[in-house]
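The chain contents come next:
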Amino acid sequence: MPLPLEGIRVLEVGTFVSAPYCGRLFAGYGAEVIKVEPPGGDIARAHGPFKDGVPDPETSALFLYLNTSKRSVELDLGSQAGRDAFLRLAADADVIIENYRPSDARALGLDYERLRAVNPRLVLVSITAYGQEGPYAEYHSNNLIAFAMGGQMFLTGDPDKPPVKNGGYQADYQGGLNAFSAANLALLAAERDGEGQHVDISVQHCMAPILEAGVPFYSYNGLWLGQRRGNLMSSFMGVYPCLDGQVGVHVMARNWPPFAEATGHPEWLEDERFATAESRREHDDVLMAEVIAWAAGMRKKEAYALGGEFRAPITFIHTMEDLLESPQLEARGFLRRIEHPVAGEASYPGPPWWMGPDAWRDGPAPLLGADTQVVLAEAGLSDAEIATVAGAPA
Amino acid sequence: MKAPLAGIRVVDLTMVWAGPFGTRLLGDYGAEVIKVEGPGQWDLLRGLGGIPRTVDRWYNRAAYFNHNNRNKYSAAIDLRQEAGRDLLLQLLAKSDVLVENYRANVMDNLGLSFEEVRAVNPRIVYVSMPGHGKTGPEAHYVTYGTNVEQLAGLVSVSGYEGGEPLKTGFSYGDPTAGLAVPAAVALGLRQRNRTGEGVHIDLAQRENLTGFVGEYLVDYSMNRELRAPAGNTHPHFAPHGVYPSGGEDRWITIACENDEQFGGLCRAMQQEELADDDRFATMATRKANERELDAIIEEWTSTWGHYEAMHILQRHGVPAGAVLTIPEVMSDPQLRARGAWSEQVHPDAGTWEVETPPWNLTRTPGHARIPAPGFAEHNSYVFRDLLGLDEETIARLYADGVTADEPNVQSHT
């Protein structure tokens with residue numbers, strides 16, 4: 001069985017996280033992904049954390065993770081010769097993924113009309129903070145700012161403290177996954193119609209609608225709580241310290257009886273203060289104190305096992321160590337050991353979804369410019385031309 | 001121009017948020033989505049609208065439900081009855097895609113496993129999206145969105161600098177799973193078109209979200225060191241944080257990634273001498289003296305509104321953004337200019353604004369075509385037009401409680 005995206009050729013002109021994550025998913029599911037890196041490489045190579053803490057463009061964990069199974073071409077799109085060479089590659093590509101500000105993208109030759117002239121079937125995916133047009137289209141952004149302007153940051157944090165972003169680069173990852181879904185819809189349409197298109201992803205537009213009930217309740221009912229709630233959302237939804245970490249609880253009305261059983265408090269089911277979802281909300285403080293006291297005496301894996309046994313939504317906060325030791329991830333073969341020529345062997349997350357045993361591949365991230373010579377020669381450039389656009393071949 | 005998923009019929013068994021958000025995206029981009037609920041097993045979001053149960057058809061008026069279920073039809077079928085299962089299989093025989101987000105063994109127990117569905121439709125793209133996936137020792141554990149981010153490792157690296165792990169302010173695991181659905185379905189359809197055969201997709205919500213912290217996993221696996229939450233700071237860049245602006249609980253984010261942007265910040269604050277100050281002249285010294293620098297910036301930001309400060313800073317080339325509240329998100333000029341909201345009229349719930357499809361596919365755009373369906377609103381379309389059932393058969397389905405026009409309101413309290 002061929003890989004799901006076998007036969008698809010993708011050029012990724014992306015830096016840092018969002019476009020590279022989209023490219024990683026294309027590559028994992030079988031597309032040929034050519035990462036076009038500027039001279040010196042993607043800035044994620046300089047980001048780290050590095051193996052053993054020693055900076056090296058080939059051992060940055062962020063780069064290693066985001067660029068699995070890709071090829072690397074080092075090409076200066078700031079030069080006319082570089083842009084001409086890129087156009088030759090674009091003529092044969094199905095998808096281009098980029099994440100520059102619109103004016104910066106055009107300066108690098110990533111102009112949809114020009115690309116379309118050489119390849120009408122091409123799908124150009126542009127991931128930007130605000131989209132291709134509008135009053136903020138040229139505003140500078142990054143993960144922190146996108147998290148703020150998408151409305152997710154205001155909700156996150158403690159009530160008496162400033163808002164705080166969640167870990168890593170969540171706004172960027174959201175941009176990458178949104179782009180992957182959108183790109184694959186456009187690819188289906190291109191295969192059907194013989195015509196590509198420009199796909200315009202605004203991270204702000206992607207983030208704003210997914211604030212849980214926030215937008216619908218405000219838009220429809222005029223209700224807005226306007227307050228962050230930290231880890232203690234309520235007695236039935238939150239993160240509570242335990243003996244060796246934290247446990248998480250998310251109890252919907254139908255989970256209340258199994259939750260009381262799992263926590264060893266069947267008497268809660270007889271307590272009329274806790275008899276209905278409404279009465280539990282009325283006595284939220286009392287119940288929360290009980291739940292906090294229960295959690296404080298538990299070990300995290302023990303609480304999780306009880307949740308599983310009683311079918312109560314109790315989990316524990318998994319650290320990276322817990323993920324590497326997770327019996328569930330182990331049984332499913334989710335974590336992949338990948339050998340990299342410079343960084344050595346490490347564990348990586350596998351596919352975001354399974355489509356059969358051979359639907360995903362795990363190749364290492366490429367060394368900077370490792371495929372420059374071969375890819376440009378395939379595109380028909382002579383050795384002399386390659387030397388001009390790429391400097392000394394790797 | 002035809003939408004990307006025009007002509008694709010989706011049977012949607014999902015409930016609550018992750019699944020319905022994913023199938024809504026399929027509807028936004030042209031699929032015909034038929035949401036199937038049981039007369040007693042209806043989507044519990046219908047009951048979370050804060051609408052008093054004395055109001056007529058309160059179950060059609062919940063904002064949260066209507067938000068996540070536009071561009072869908074609704075049919076009521078009790079899958080626990082043999083006749084209901086048969087009815088669903090008839091519908092699946094005429095469909096392209098099935099999406100379900102039950103716990104791992106529920107579909108198998110209903111006699112609706114991939115193998116059983118494939119027997120009536122060998123070309124089916126069958127998408128399961130349980131929290132833990134369909135297999136493994138934890139497959140039967142119950143999880144919701146906040147649990148998913150805890151299992152994915154995200155919460156362990158989130159929080160204030162030096163503080164405890166912190167949850168995201170909403171059930172982050174839900175929409176991040178929903179966002180994967182269009183890609184998973186597109187890959188499944190592509191494979192089906194090529195091979196002529198259906199495919200079973202197993203989307204474990206926790207695995208999908210673990211992909212959003214992959215660099216932490218690779219780092220830990222190489223270096224065996226757990227990273228503490230870092231708040232709004234960045235490992236290399238400073239300033240990089242959130243600063244108070246004028247007004248109660250209003251904030252602005254500023255993040256300078258190079259000397260040029262920092263120079264712009266100094267000019268905007270009319271303190272150009274800071275750019276040459278030994279403490280702040282290079283990225284490394286700015287990072288080393290971050291707290292001192294933050295105090296200076298705070299003094300300036302607190303004299304401006306968050307939007308004002310953003311516009312001033314952006315005019316000087318500084319990455320900056322207001323921390324928008326939900327009302328501000330809905331009135332934001334950029335989102336308005338992009339057409340991010342449109343009015344929707346719902347026969348029971350009235351008129352309100354919903355967001356438009358998020359991705360601008362310029363040649364084949366998405367649309368918010370129809371409002372969320374009332375419970376069982378499209379029974380007739382499904383039973384008569386699609387399945388061609390005769391009146392006698394339909395009457396029997398109603399009489400036996402296999403279908404209904406109204407939900408059993410006792411089943412969720």
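Residues numbered from 1 in each chain as written. Chains lettered and ligands numbered in written order. Predicted model: local features only at pLDDT ≥ 70, side-chain atom pairs only at ≥ 80, totals over all residues. Heavy atoms only, no water.

### A short note on the overall build of chain A
Heads up, the rule is: Secondary structure elements are defined from DSSP: runs of H or I of at least 4 residues count as helices, runs of E of at least 2 residues count as strands, and each element is numbered from the N terminus. Where accessible areas are quoted, they stem from the Shrake-Rupley method and a 1.4 Å probe; at the residue level, only the protein chains shown are allowed to cover. Positive charges are assigned to Lys and Arg, negative charges to Asp and Glu, while His and the chain termini are left out of the count. Every charge is mapped to an atom, namely NZ of Lys, CZ of Arg, CG of Asp or CD of Glu.
A tally of helices and strands in chain A yields 18 helices and 12 strands. Projected onto its principal axes, the C-alpha coordinates of chain A cover approximately 80 × 50 × 40 Å. Summed over all atoms, the accessible surface of chain A reaches about 13400 Å², with 52% contributed by carbon and sulfur. Of the charged side chains in chain A, 31 are positive and 52 negative; the average position of the first set lies 1 Å away from that of the second.

### Let's talk about the packing of aromatic side chains
The geometry of an aromatic ring pair is captured by two quantities: the separation of the ring centres and the angle between the planes. Residue and element names in this part refer to chain A. What counts, and what does not: Working definition: rings of Phe, Tyr and Trp (its six-membered ring) pair if their centres are within 6.5 Å, and the pair is stacked with planes under 30 degrees apart, edge-to-face with planes over 60 apart, and tilted otherwise. Only protein chains enter the accessibility calculation, which uses a 1.4 Å probe. A residue is then buried if its area is under 20% of the maximum for its type, exposed if over 50%, and partly exposed in between. Two conditions define a charge located above a ring, namely a distance within 6 Å from the ring centre to NZ of Lys or CZ of Arg, and an angle within 35 degrees of the ring normal.
Summed over the entire model, instances satisfying the criterion amount to 29 aromatic pairs over all chains. Ring centres of Trp-256 and Trp-268 lie 5.9 Å apart, and the angle between their planes is 5°; this geometry places the pair in the stacked category. With Trp-256 in helix α11 (residues 256–262) and Trp-268 in the loop between α11 and α12 (277–282), this pair connects stretches of sequence that are 12 residues apart. Ring centres of Trp-256 and Phe-274 lie 6.2 Å apart, and the angle between their planes is 75°; on these two criteria the pair is classed as edge-to-face. Remark: Phe-274 occurs in the loop between α11 and α12 and Trp-256 occurs in helix α11; sequence separation between them is 18 residues. In this structure, Trp-256 and Phe-274 share a single accessibility class: buried. Every member of this aromatic cluster is reached through a ring pair, and the members are Phe-26, Tyr-29, Phe-180, Trp-353 and Trp-360. When the ring centre of Tyr-169 is taken as origin, the NZ or CZ atom of Lys-165, which lies over that ring, is 5.9 Å away. The ring centre of Phe-154 lies 5.1 Å from the NZ or CZ of Arg-228, which sits over that ring.

### Notes on the sheet that holds strand β4 (residues 97–100) of chain B
Residues and elements named next belong to chain B. Put simply, the rule is: Two strands are said to pair when DSSP picks up at least two bridges between them. Angles run from 0 to 180 degrees between N-to-C directions of axes, and those axes are lines fitted to C-alpha atoms, restricted for helices to the stretch in contact. Whether two residues are in contact is decided by their heavy atoms: any pair within 4.5 Å suffices.
The strand order β3-β2-β1-β4-β5-β6 describes an open sheet built from six strands, whose pairing is parallel. Where the open sheet ends on each side, the last strands, each with one partner, are β3 (72–76) and β6 (199–202). Strand-to-strand twist in this sheet, taken as the mean axis angle between neighbours without regard to direction, amounts to 20°. Relative to β4, strand β1 (residues 9–12) is paired through three bridges, and the arrangement is parallel. In the sheet register, Val-10 faces β4, and the bridge partner there is Val-97. Running at roughly 150° to strand β2 (residues 32–37), helix α1 (residues 18–28) makes contact with β1, β2, β3 and β4 of the sheet.

### Describing the pattern of salt bridges
Where charged atoms from two side chains of opposite charge come close, those side chains can pair. Formally: By convention in these notes, a salt bridge is any Lys or Arg side-chain nitrogen within 4 Å of a carboxyl oxygen on Asp or Glu.
Within the structure shown, the criterion is met by 51 salt bridges over all chains. Note that A:Asp193 is salt-bridged to A:Arg192, the shortest N-O span being 2.7 Å. Between B:Asp28 and B:Arg70 there is a salt bridge, with its nearest N and O atoms 2.7 Å apart. Placement of the pair is B:Asp28 in helix α1 and B:Arg70 in the loop between α2 (63–68) and β3, with a sequence separation of 42 residues. The buried category is assigned to B:Arg70, whose relative accessible area is 0%.

### Focus: the sheet that holds strand β3 (residues 71–74) of chain A
Pairing within the open sheet is mixed, and its seven strands lie in the order β3(A)-β2(A)-β1(A)-β4(A)-β5(A)-β6(A)-β12(B). Each end of this open sheet is capped by a strand with a single partner; those strands are β3 of chain A together with β12 (360–361) of chain B. Two elements, strand β1 (residues 9–13) of chain A and strand β4 (residues 95–98) of chain A, share four bridges in a ladder whose sense is parallel. Residue pairing for β4(A): A:Glu12 is matched across the bridge by A:Ile97. Against the sheet, helix α8 (residues 170–193) of chain A contacts β4, β5 (123–128) and β6 (197–202) of chain A together with β12 of chain B, and its axis sits at roughly 160° relative to β6(A).

### So, the side chain of A:Arg71
Our working rule: In protein, a polar contact requires one atom able to donate a hydrogen and another able to accept it; more generally it is a pair of N or O atoms within 3.5 Å, and residues adjacent in sequence count only if both atoms are side-chain atoms.
Tracing the chain through its elements places A:Arg71 in strand β3. A polar side-chain atom of A:Arg71 sits 2.5 Å from a polar atom in the side chain of A:Glu32.

### Thoughts on the interface of chain A and chain B
What counts, and what does not: What gets called buried area is simply the loss in accessible area from a 1.4 Å probe that two parts show on being joined, summed for both. Residue classes follow a fixed rule: Ala, Val, Leu, Ile, Met, Phe, Trp, Tyr, Cys and Pro count as nonpolar, while Asp, Glu, Lys and Arg count as charged, and any other residue, Gly among them, counts as polar.
The interface of chain A with chain B comprises 147 residues on the first partner and 152 residues on the second. Summed over both partners, the interface of chain A with chain B buries about 13100 Å², with 63% contributed by carbon and sulfur atoms. Considering only the side of chain A, the residues that lose the most area to chain B are A:His205, A:Tyr220 and A:Met320, jointly responsible for 6% of the buried surface there. Taken together, chain A and chain B are joined by six salt bridges. The salt bridge involving A:Asp193 is made with B:Arg363; its shortest N-O contact spans 3.0 Å. Joining chain A to chain B, the criterion identifies 71 residue pairs in polar contact (both at pLDDT 80 or more). At 17 residues, the largest contribution of residues to the side of chain A that touches chain B is made by α8(A). Partitioned by chemical class, the residues of the side of chain A that touches chain B number 82 nonpolar, 46 polar and 19 charged.

### Quick notes on the pairing of strand β11 (residues 335–340) of chain A
Residues and elements named next belong to chain A. Where burial is concerned, the two faces of β11 differ: the one with Arg-336, Ile-338 and His-340 is buried and the one with Leu-335, Arg-337 and Glu-339 is not. Looking at chain direction, β11 and strand β12 (residues 344–349) are connected through six bridges and run antiparallel. Of the residues in β12, the one forming a bridge with Arg-337 is Ser-347.

### Some thoughts on unusual backbone geometry
In this model, A:Gly48 is joined to A:Pro49 through a cis peptide bond whose omega is -5°. Relative to the elements of secondary structure, A:Pro49 occurs in the loop between β2 (32–37) and α2 (61–66). In this chain, B:Ala238 is followed by B:Pro239 through a cis amide linkage whose omega measures -5°. Mapped onto the secondary structure, B:Pro239 falls in the loop between α10 (214–223) and β7 (240–244). The phi dihedral of A:Arg311 falls on the positive side, at around 55°, and the residue is not glycine. With respect to the secondary-structure elements, A:Arg311 resides in the loop between α14 (300–310) and β10 (314–316).

### A look at the pairing of strand β8 (residues 237–242) of chain A
Residues and elements named next belong to chain A. Taken across its six residues, β8 has five buried, putting it largely inside the fold. Here strand β7 (residues 232–234) pairs with β8 via two bridges, running antiparallel. Residue pairing across strands places Leu-232 opposite Gly-238, the latter belonging to β8. Counting the residues that bridge the hairpin from β7 to β8 gives two residues.

### Thoughts on the nonpolar core
The condition that has to hold: By convention a nonpolar core is built from buried Ala, Val, Leu, Ile, Met, Phe, Trp, Tyr and Cys residues, the set being connected through side-chain atoms within 4.5 Å.
With 165 residues, the main nonpolar core has A:Phe26, A:Phe180, A:Trp353, B:Ile254 and B:Trp359 as its most contacted residues. Residue contributions to this core peak at 12 residues, all from α8(A). Ignoring sequence-local partners within four residues, the contact set of B:Ile254 consists of A:Leu144, B:Pro239, B:His240, B:Gly241, B:Tyr243, B:Leu265, B:Ile297, B:Thr301, B:Leu313, B:Val318, B:Pro319 and B:Ala320. Counting 29 residues, the second largest nonpolar core, distinct from the first, contains B:Val11, B:Val36, B:Leu92 and B:Val382.

### Quick notes on the packing of helix α1 (residues 18–28) of chain A against α8(A)
Residues and elements named next belong to chain A. What counts here: Angle categories are assigned with fixed cut-offs, so that under 35 degrees is roughly parallel, over 145 is roughly antiparallel, 65 to 115 is roughly perpendicular, and the rest are oblique. Less than a right angle of anticlockwise turn of the near helix away from the far helix marks a crossing as left-handed, whereas a clockwise turn marks it as right-handed.
Contact pair α1 / α8: the axes reach a minimum separation of 7 Å and the direction vectors enclose 50°. Looking at the two axes, α1 sits oblique to α8. In terms of crossing hand, the pair formed by α1 and α8 is right-handed. For the pair formed by α1 and α8, the contact residues are Ser-18, Tyr-21, Cys-22, Leu-25 and Phe-26 on the first element and Asp-172, Tyr-173, Gly-176, Leu-177, Ala-179, Phe-180, Ala-183, Asn-184 and Leu-187 on the second.

### A short note on the confidence of the model for chain B
Test applied: A residue's pLDDT is simply how confident the predictor is in it, with values from 0 to 100.
Chain-level pLDDT for chain B is 96 on average; 100% of the residues reach the 70-or-more range. The complex model carries a pTM of 0.98, and its ipTM stands at 0.98.

### Description of the side chain of A:Gln152
The topology assignment puts A:Gln152 in helix α7 (residues 152–155). Residue classification places A:Gln152 among the buried residues on the basis of a relative accessible area of 0%. Those residues within four positions of A:Gln152 in sequence are excluded, and the remaining contacts are A:Phe147, A:Gln174, A:Met207, A:Ile210, A:Leu211, B:Phe170 and B:Tyr172.

### Some details on the packing of α1(B) against helix α8 (residues 181–195) of chain B
All names here are of chain B. Between α1 and α8, the least distance of the axes is 8 Å, while the angle of their chain directions is 60°. In this view, α1 runs oblique relative to α8, as classed from their interaxial angle. Contacts between α1 and α8 involve Gly-22, Leu-25 and Leu-26 from the former and Val-181, Pro-182 and Val-185 from the latter. Here the contact of α1 with α8 is built from residues that sort into five nonpolar, one polar and no charged.

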